[in-house]
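Commentary on secondary and tertiary structure
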Amino acid sequence: MTNDTAATAVAAATDVLHGNLRTGYSAGAGHEFRFTCPSPDTYPFQWSWDSAFHAIALSHIDPGRAQAEIGSLLTAVTPQGFLPHMLLWQDHLRPRAVEDFRIRVTGWTSATIAPPVLARAVERVFLATGDRDWLRSVLPRTLLCYEWLRTHRTNPRTGLLLTFQPDESGLDSSPKYDEAIGLDVTTGDVSPHWHDAMRKLLDSYATVTSDAELLAARRFVWHDVLFNSIYADGLQTVARLCRLSPKAQRVADVCANRAHAVTAALARHCWDEERGVFWDLDVVRGTPTRCLTASSLFPLILEDLPAPMAHRLVEEHLLNDQEFWTAFPVPSVAANEPVFDPDFRTGAIFRGSSWVNLNWYLHAGLRTHGFTRVADVLARRTLEMTARSGMRECYGPFDGAGHAAREFGWSSLVIDLVAAMEGDRR
């Protein structure tokens, strides 16, 4: 990777972050809004994990706006701590949300959740600003969000969080969900069939009003490895933030212990010793879902993952050129899976393309577990594909070609990857 490659990627990312800023007043929400949309044409609303990634990138170029991004997101947190997946600020666009995005809506937000990246974003923005007053203002609601997940989505039998539809994991069309939602399409255009399957699932939830009823309906009940890994990582992050205050040491200990418990639960219930990977669990069927995807690697982001597991994930799978170590890693589905779609021919996301946000998390996990050379190569290849194709939603794992939405916000995480690499050189 040359300096020109990094400069090209960072310039494209900066332009997209500037261009995707949305401001105004929402009568439906009763608030002014200021957020970064994921993509102007395709994703006009505010998504919670997208905004967390946007804030991380913005922390390098406009820390004040990064704080505002998180502030906008936290506006939607309920008194109980529920943080919705989507914030439908724009009144005139709200009617299209259900049709386009297969969601349940309550008022001006979705009734669904998303991977809890929030704590990571809060930490990164705080590190960029050193603003303790701001941290004190956002930390209580951040803690409340993680407490809501624990109390409303934890399966007491496993200690893992539950999701009740595919897009709650953020991995919408991943083939690992096909059987559970009744999707039997392996070639051709998957998108219309997937949309139909999701509409049937949502229709079955029409009279459901609580998480307990979602669990009882047993239509789609899932232990997602990626979702739970991000949750455990978030708890560890919250613990670090709480340790900055002498008055919050007990809370820090509680969060750290909960994080360790989730890591242990992933190892106990999702680890396949024979294959050396983690599998999602379909709770309705009571079986692991043995479709090898990038989420099978995601416990690598956890600092307390046992070293033997981390080494097997990296050496047997991530660096396996028949699975994940493609020219532009990390493909969202292993290259030797029958459903692997490297060229976006299915028109569906997370079925083979590589994603900057997944690479960003795995890059951090590799560094945590001492695989610094591999992390450096992953960062360089990520920058190369974004410099080549611009800020796209995802990329071809063999040619780096851009797929799906254009001017895509979270691919601006390349700014953070460049900063990490420059920090290593100092």
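Let me sum up the structure you'll find in this document. (Residues numbered from 1 in each chain as written. Predicted model: local features only at pLDDT ≥ 70, side-chain atom pairs only at ≥ 80, totals over all residues. Heavy atoms only, no water.)

1. A short note on the packing of helix α1 (residues 3–19) against helix α13 (residues 372–389)
Under the convention used in this document: Axes here refer to lines fitted to C-alpha atoms; in helices the fit is confined to the stretch in contact. Angles between the N-to-C directions go from 0 to 180 degrees. In this description a helix means any DSSP run of H or I spanning at least four residues, a strand means any run of E spanning at least two, and both kinds are numbered starting from the N terminus. Handedness of a crossing is defined here by the sense of rotation of the near helix relative to the far one, left-handed for an anticlockwise turn of less than a right angle and right-handed for a clockwise turn. Here a residue-residue contact requires only that any non-hydrogen atoms of the pair lie within 4.5 Å. Gly is put with the polar residues, along with every residue not named as nonpolar or charged; the nonpolar set is Ala, Val, Leu, Ile, Met, Phe, Trp, Tyr, Cys and Pro, and the charged set is Asp, Glu, Lys and Arg.
Interhelical geometry of α1 versus α13 gives an angle of 65° and a closest axis separation of 8 Å. In terms of crossing hand, the pair formed by α1 and α13 is left-handed. Residue-level inspection shows Thr-5, Thr-8 and Ala-9 of α1 in contact with α13, the latter providing Leu-383, Glu-384, Thr-386 and Ala-387. For the contact of α1 with α13, a count of residues per class yields three nonpolar, three polar and one charged.

2. Considering the environment of Met-198
In plain terms, the rule: Here's how the labels work: a residue is buried when its accessible area is under 20% of the maximum for its type, exposed when over 50%, partly exposed in between, all with a 1.4 Å probe on protein chains only.
Looking at the secondary structure, you find Met-198 in helix α7 (residues 191–204). The exposure class of Met-198 is buried, given its relative accessible area of 0%. Distance from Met-198 to His-18, taken between C-alpha atoms, is 33 Å for residues 180 residues apart in sequence.

3. Comments concerning the packing of aromatic side chains
Applied cut-off: Paired rings are identified among Phe, Tyr and Trp, the last through its six-membered ring, by centres lying within 6.5 Å, and are further divided according to the angle between planes into stacked (under 30 degrees), edge-to-face (over 60) and tilted (the rest).
In total, this model carries 23 aromatic pairs according to the counting rule given. Taken together, the ring pairs connect Tyr-43, Phe-45, Trp-47, Trp-49, Phe-53, Phe-298, Phe-350, Trp-355, Trp-360, Tyr-361, Phe-408 and Trp-410 into an aromatic cluster.

4. As for the nonpolar core
Convention followed: Joining through side-chain atoms within 4.5 Å is the link that ties buried Ala, Val, Leu, Ile, Met, Phe, Trp, Tyr and Cys residues into a set, and such a set is a nonpolar core.
Grouped together as the largest cluster of nonpolar side chains are 147 residues, with contacts concentrated most on Phe-53, Ile-70, Leu-118, Phe-278 and Leu-366. Looking at which element gives the most residues to this core, the answer is helix α9 (residues 225–242), with eleven residues. Apart from residues no more than four positions distant in its own chain, Phe-53 is found in contact with Val-117, Asn-357, Trp-360, Tyr-361, Trp-410 and Leu-413.

5. Looking at the side chain of Asp-178
You can see Asp-178 is positioned in the loop between α6 (132–153) and α7. A residue is classified by how much of its surface remains accessible, and Asp-178, at 8% relative accessible area, is buried. Setting aside chain neighbours within four positions, we find Asp-178 in contact with Leu-183, Val-185 and Arg-351.

6. Structural notes on the pairing of strand β2 (residues 31–36)
Consecutive side chains of a regular strand alternate in pointing toward one face of the sheet and then the other. Defined as follows: When DSSP finds at least two bridges between two strands, those strands are taken to pair.
In terms of strand pairing, strand β1 (residues 21–26) meets β2 through six bridges, oriented antiparallel. When the bridges of β2 are listed, Arg-22 appears paired with Phe-35.

Geometry only, nothing functional implied.
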